Amino acid sequence: MSRKPRLRGRAARLARLIPAGAGGAARTPFVLLVVALLGGGLIGLLVLNSALSEGAFKLSDLQRETKNLTDEEQALQRDVDAYAAPDALRHRADTLGMVPGGDPAFLGPDGTVKGVPRPAAQPSASPASLSAPASPGPSPSTTASPSPSRTASASASPSPSRATPSATGSTPSAAPSPTPGR
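Residues numbered from 1 in each chain as written. Predicted model: local features only at pLDDT ≥ 70, side-chain atom pairs only at ≥ 80, totals over all residues. Heavy atoms only, no water.

Would you mind showing me how to read the overall build of the chain here?
For the chain, the helix and strand inventory stands at six helices and two strands. Taken from N to C terminus, the helices and strands of the chain fall in the order α-α-α-β-β-α-α-α. When the 182 residues of the chain are sorted by exposure, 4% land in the buried category. The contacts in the chain between residues at least 6 apart in sequence include a share of 32% that link residues at least 24 apart. Carbon and sulfur atoms make up 64% of the accessible area of the chain, which amounts to about 15800 Å² in all. (Helix = DSSP H or I, 4+ residues; strand = E, 2+ residues; numbered from the N terminus. Buried < 20%, exposed > 50% of the residue type's maximum accessible area, 1.4 Å probe, protein only. Contact = heavy atoms within 4.5 Å. Areas by Shrake-Rupley, 256 points an atom, 1.4 Å probe, with all protein chains shown as cover.)

What is the right way to read a nonpolar patch on the surface from this model?
There is a patch of nonpolar side chains on the surface, built from F30, V31, V34, V35 and L38 and spanning about 490 Å² of accessible area. For V35, the location among the structural elements is in helix α2 (residues 23-84). (Patch = residues over 30% accessible without salt bridge, like charges linked within 9 Å, V, L, I, M, F, W, Y side chains within 5 Å. Salt bridge = Lys/Arg side-chain N within 4 Å of Asp/Glu carboxyl O.)

Would you explain the environment of G97 in this entry?
Tracing the sequence through the fold places G97 in the loop between α3 (86-95) and β1 (106-107). By relative accessible area, which is 36% here, G97 ends up partly exposed. For G97 and Q122, which are 25 residues apart along the polypeptide, the C-alpha to C-alpha distance reads 10.0 Å.

Can you help me understand the confidence of the model for the chain in this one?
When pLDDT is low, close inspection of the predicted coordinates is not appropriate. Across the chain, the average pLDDT comes to 74, with 62% of residues at or above 70. Long-range and interchain partners of residues 128-177, a stretch whose pLDDT sits below 50, account for 19 contacts in this model, where long-range means more than four residues apart. (pLDDT = per-residue confidence, 0-100.)

Honestly, the pattern of salt bridges in this entry has me stumped. Any pointers?
Two side chains bearing opposite charge may form a pair once their charged atoms approach each other closely. For the structure shown, the criterion picks out three salt bridges. The residue K58 makes a salt bridge to E54 at a minimum N-O spacing of 3.7 Å. In this pair, K58 and E54 both sit in helix α2, four residues apart, roughly one turn of the helix. Using a relative accessible area of 51% as the deciding quantity, one classes K58 as exposed.

Rendered as structure tokens:
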């Protein structure tokens, strides 16, 4: 008794276009397509997450390296500041045998001299000048260094270029400038 009703007219023509047993076979490719898309999306998310994690590790390493380089830069800047401090400059100038200059004299545009030019005062025997090398021979560590002969001549006479202008009374333009740049 379960007979299908017979279709007539337009419904019969439309029923002929649709195959009767194709409902189960058409579902399988659709399900496979959905499973493939979900699996591809899951794998894509996994790859994206791994790439982001790798980028985060690289960023962390670069931040650590930047911090280390910044610390090193600050340490070097502290060293430069320590060398540029007035006390350090004075100490190094004393060890090189430099003396403080007096009041400077200036030349005006018309050729007049403003101020009184005088040579720098010779220092008394300071510990820096007494610490010159005692032996005039070359040091064993350096064989062809010009500095031992210079220090030997410097220890023999305190400062011949500064002693000459004050002894002869020459003009200040012939005397070496005690301060660089003047």
